[in-house]
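Structural description and commentary
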Amino acid sequence: KAELHIDVAIVAAHCDTALGIGSWHNKGKWADKTAKTKTAKYVPQMGQGQRFAPAVAEVHGHLHSDFRKLLRDLAECKVDQSDRDSRLSTSERNMLLGIFVNDLYQLVSVAVQKGTAMNVRNVRSLLLAHHSMQGHRSRRRAPRVSYARALSFIGSEERFRTRAF
């Protein structure tokens, strides 16, 4: 048996970089690019008896094929452990495999959604703290920016935009 190394990533296919490669219209394209990058980075570091598997999911729910294969391998292992004396028929084993794979997909899906929700709450808290609004919707409580500071922000953004193209 090979020692398995897993690197997990949750990616957003709607970020600027992903949109630039057409991920919005090609389901899984950003997950595929992320998995290839991880594979190129970590496979050369694997020694004898070791293997690497990227576990990449997109926030909207798509799982990369390597992640799906990993979940299937885990489910097959669970079936083998559950049927050590081979009393189940092939169709029963396949049915059990489907149940276990579905359970793992649901666990991953819920974890991704909980993580996304937690990040949104964290961003909300940071924004409210930054603007010292404390959950208040009034614009009067937001801190003011001086004219000089506003020009500084604008200049930084203009410099960034000219470098990007």
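Described below are features of the structure shown in this document. (Residues numbered from 1 in each chain as written. Predicted model: local features only at pLDDT ≥ 70, side-chain atom pairs only at ≥ 80, totals over all residues. Heavy atoms only, no water.)

Regarding its fold elements, the chain presents 5 helices and 2 strands. Mapped in sequence order, the helices and strands of the chain form the string β-α-α-β-α-α-α. A buried classification covers 22% of the 165 residues belonging to the chain. Long-range pairs, those at least 24 residues apart, make up 51% of the contacts in the chain with a sequence separation of at least 6. Accessible surface, the chain: about 12500 Å² in total, of which carbon and sulfur atoms supply 56%. (Helix = DSSP H or I, 4+ residues; strand = E, 2+ residues; numbered from the N terminus. Buried < 20%, exposed > 50% of the residue type's maximum accessible area, 1.4 Å probe, protein only. Contact = heavy atoms within 4.5 Å. Areas by Shrake-Rupley, 256 points an atom, 1.4 Å probe, with all protein chains shown as cover.)

Working note: α-helix, 3.6 residues per turn, so residues spaced by three or four point in the same direction. Across its 14 residues, helix 2 (residues 29–42) extends 20 Å between first and last C-alpha, which sits within 8% of the 20 Å expected from 1.5 Å per residue. For helix 2, the set of buried residues is Trp30, Ala31, Thr34, Ala35 and Lys38. Buried residues of helix 2 fall within an arc of 135° about the axis and therefore sit on the same side. Structural note: helix 2 exposes Lys36 and Ala40 on the side pointing more than 90 degrees away from its buried face. Next to the buried residues of helix 2 lie strand 1 (3–11), helix 1 (16–20) and strand 2 (50–58). (Expected span 1.5 Å × (residues − 1). Arc of directions from axis to C-beta.)

Below, the discussion takes up the packing of aromatic side chains. Counting across every chain of the model gives 1 aromatic pair. On the numbers, 5.3 Å between centres and 35° between planes, the contact of Tyr42 with Phe52 is tilted. With a gap of 10 residues between them, Tyr42 in helix 2 and Phe52 in strand 2 connect regions that are remote in the sequence. Among the residues examined, Tyr42 registers a relative accessible area of 23% and is labelled partly exposed. You can call Phe52 buried: its relative accessible area is 13%. Positioned over the ring face of Phe100 is Lys78, at 4.5 Å from the centre of the ring. (Phe/Tyr/Trp six-rings, centres within 6.5 Å; stacked < 30°, edge-to-face > 60°. Lys NZ or Arg CZ within 6 Å of the ring centre and 35° of its normal.)

Under the defined criterion, the tally for this structure stands at 8 salt bridges. The residue Lys69 makes a salt bridge to Asp73 at a minimum N-O spacing of 3.1 Å. Taken together, the residues Lys69 and Asp73, both in helix 3 (residues 65–82) and 4 residues apart, mark about one turn of the helix. Among the charged side chains, a salt-bridge network with shared partners connects Arg51, Lys69 and Asp73. (Salt bridge = Lys/Arg side-chain N within 4 Å of Asp/Glu carboxyl O.)

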